[in-house]
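Given next are the chains, with one letter for each unit.
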Amino acid sequence: LGTAQVGMAYGISNRRAALDQRAVGALLDEAYERGVRALDTAPSYGNAEECVGRFVSRRRPEGLVLSSKLPALPEALEPGKVLALVEQCVERSRKRLEADRIDYYLVHGPADVRRHGDALVDALAECRGRGWVGHSGVSIYSPEDADHALGRPELTVTQFPFNAFDRRARDTGALERLRRAGHETFARSVLLQGLLTLGPSAPEAPPLAARWLELLAAMASRHDLTVVELALGYASRESGADYVVVGADGADQLAGIISGLETELPAELVREIETTLDGVPLAVIDPRLWEARAS
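Okay, so let's go over this structure. Remember, it's a predicted structure, so these values are computed and weren't measured experimentally.

**Quick word on the layout of surface pockets**
In this model, the second largest pocket occupies a volume close to 370 Å³. Along the wall of the second largest pocket there are 21 residues; nearest its centre are Leu-1, Val-36, Arg-37, Ala-38 and Val-244. Looking at the lining of the second largest pocket, the elements with two or more residues in it are β1 (38–40), β2 (65–70), β7 (243–244) and α11 (251–261). In terms of residue count, α11 provides more of the lining of the second largest pocket than any other element does, four residues in total. Of the residues that constitute the lining of the second largest pocket, the class distribution is 15 nonpolar, two polar and four charged.

See below:
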């Protein structure tokens, strides 16, 4: 379960305010009862880490896997100061999460791997050595980011975007290279921050998205599926990831998401999706390039 919606109003299709503490508790309880055993969070998700920590402290859930992220580091940070800052960030996340160990700790800004190189990798290794972190890796945006991660064998976990519009990680061979190198993988953005759930005329959508949203909606209708079922069923089947990260903005939405992930799409529908939705422009599939929306 992704927790961005837990800590703040998140996603292009989200019309709700950030969840209150009672609603967060209900969502996390419902997720655990339904068999969700992994929570993905980050300091940049508002107070999501604190929300997860309250759940952990109250529920003491067995077998729960926690994933969090290192905030983007200052560009001009001197190599000799990287370790102290990484230690500080990890310690703060551990405290907020009420956890002695964070199972997966990812560099949130992939440019940091290129920019801070050995100093950053060594700092993460130090945190693993102390038992603060189980596995370290990077959250990427592009196949090029994956290749930079592969250049650092100490990084063994990669989170990547994958959805019906954006199949770059798989189609460029980046995912296969990661898997051959032994990486554990997390597919995120499987609903493209909610974009895939919007109608073609939605004013929130990027200008170039209307045509592709219309094609997606028409395809789902022809096959008697909701867009969410089609999109999540596709991501679950085709991402090739060890984990699929999906957020929910309430316990009421969670059931539909779990059902969508369990939707089995026939091979001919998968081929139709990939043929019909071939060539979606980067300005649509990369949220960093979206215009006329809050960042």
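**With respect to empty space enclosed by the protein**
For the structure on display, the rule yields two cavities of 30 Å³ or more. Its boundaries defined by the atoms lining it, the largest cavity holds a volume of some 40 Å³. A volume near 30 Å³ is recorded for the second largest cavity. Lining the second largest cavity we find Leu-28, Ala-31, Tyr-32, Val-36, Leu-39, Phe-55 and Leu-64. Of the residues forming the lining of the second largest cavity, the biggest block, three residues, is contributed by helix α2 (residues 21–33). Class assignment of the residues belonging to the lining of the second largest cavity gives a composition of seven nonpolar, no polar and no charged.

**Things to note about the pairing of strand β6 (residues 184–188)**
Where burial is concerned, most of β6 is hidden: four out of the five residues are buried. Where strand β5 (residues 157–161) meets β6, five bridges bridge the pair, whose relative direction is parallel. From the neighbouring strand, Pro-161 faces β6, where its bridge partner is Arg-188.

**Focus on the environment of Leu-70**
Within the element layout of this structure, Leu-70 appears in strand β2. Setting aside residues up to four positions removed in sequence, Leu-70 forms contacts with Val-86, Cys-89, Tyr-105, Leu-106, Val-107, His-108, Gly-109 and Leu-120.

**What about the packing of helix α10 (residues 227–238) against α11?**
Where α10 meets α11, the closest approach of the two axes is 7 Å, and the angle between their N-to-C directions is 50 degrees. Compared by their axis directions, α10 and α11 come out oblique. Here the hand of the crossing between α10 and α11 comes out right-handed. For the pair formed by α10 and α11, the contact residues are Val-228, Glu-229, Leu-232, Gly-233 and Ser-236 on the first element and Gly-256, Ile-257, Gly-260 and Leu-261 on the second.

**A few points about the sheet that holds β6**
Sheet architecture is open: seven strands sit in the order β1-β2-β3-β4-β5-β6-β7, paired in parallel fashion. Edge positions in the sheet fall to β1 and β7, since each of these pairs with one other strand and no more. Alignment of β2 against strand β3 (residues 102–107), held across four bridges, turns out to be parallel. Bridged to Leu-70 within β3 is Val-107.

**Observations concerning the pairing of β2**
Here is the key point about a regular strand: its side chains alternate between the two faces of the sheet. A large share of β2 lies buried, amounting to five of its six residues. Bridge count for β1 against β2 is three bridges, and the pairing is parallel. The partner of Asp-40 across the bridge, within β2, is Ser-67. You can see the chain leave β1, run along helix α3 (residues 48–59) and come back into β2, and the turn it takes is right-handed. For the handedness criterion, the β-α-β arrangement of β2, helix α4 (residues 79–97) and β3 is classed as right-handed.

**Let's talk about helix α5 (residues 111–129)**
Along its length, α5 shows its largest kink, about 110 degrees, at Gly-117. Restricting attention to buried positions, one finds in α5 the residues Asp-112, Val-113, His-116, Gly-117, Ala-119, Leu-120, Val-121, Ala-123, Leu-124 and Cys-127. Buried positions along α5 lie against β2, α4, β3, β4 (133–139) and α6 (143–150).

**Brief notes about the packing of aromatic side chains**
Applying the stated criterion to the full structure yields five aromatic pairs. Ring geometry for Tyr-104 against Phe-186: centres 5.2 Å apart, planes inclined by 75 degrees, an arrangement best described as edge-to-face. Remark: Phe-186 occurs in strand β6 and Tyr-104 occurs in strand β3; sequence separation between them is 82 residues. Residue Tyr-104 is classed as buried on the basis of its relative accessible area of 6%. According to the relative accessible area criterion, Phe-186 is buried, its value standing at 3%. Geometrically, the ring pair formed by Tyr-104 and Tyr-243 is edge-to-face, given 6.0 Å between the ring centres and 70 degrees between the ring planes. With Tyr-104 in strand β3 and Tyr-243 in strand β7, this residue pair connects regions lying 139 residues apart in the sequence. Above the ring of Trp-212, the side-chain terminus of Arg-211 is found at 4.2 Å from the ring centroid. If you follow Arg-288 out to its NZ or CZ, it ends over the ring of Tyr-141, 4.1 Å from the centre.

Cut-offs applied
Residues numbered from 1 in each chain as written. Predicted model: local features only at pLDDT ≥ 70, side-chain atom pairs only at ≥ 80, totals over all residues. Heavy atoms only, no water. 1 Å grid on protein atoms, 1.4 Å probe; cavity = no way out; pocket = protein on both sides within 12 Å on 5 of 7 lines; lining within 4 Å. Points joined across faces, edges and corners; volume = space filled by probe spheres on them. Helix = DSSP H or I, 4+ residues; strand = E, 2+ residues; numbered from the N terminus. Nonpolar A, V, L, I, M, F, W, Y, C, P; charged D, E, K, R; others polar. Buried < 20%, exposed > 50% of the residue type's maximum accessible area, 1.4 Å probe, protein only. Pairing = 2+ DSSP bridges. Contact = heavy atoms within 4.5 Å. Axes fitted to C-alpha atoms, helices over the stretch in contact; angles between N-to-C directions. Parallel < 35°, antiparallel > 145°, perpendicular 65-115°, else oblique. Left-handed = near helix turned anticlockwise from the far one by under 90°. Right-handed = clockwise from strand over helix to strand, strands pointing away. Bend = angle between axes of the 7 residues up to and from the residue. Phe/Tyr/Trp six-rings, centres within 6.5 Å; stacked < 30°, edge-to-face > 60°. Lys NZ or Arg CZ within 6 Å of the ring centre and 35° of its normal.

So, to be careful, I would describe these as geometric facts and stop short of saying anything about function.
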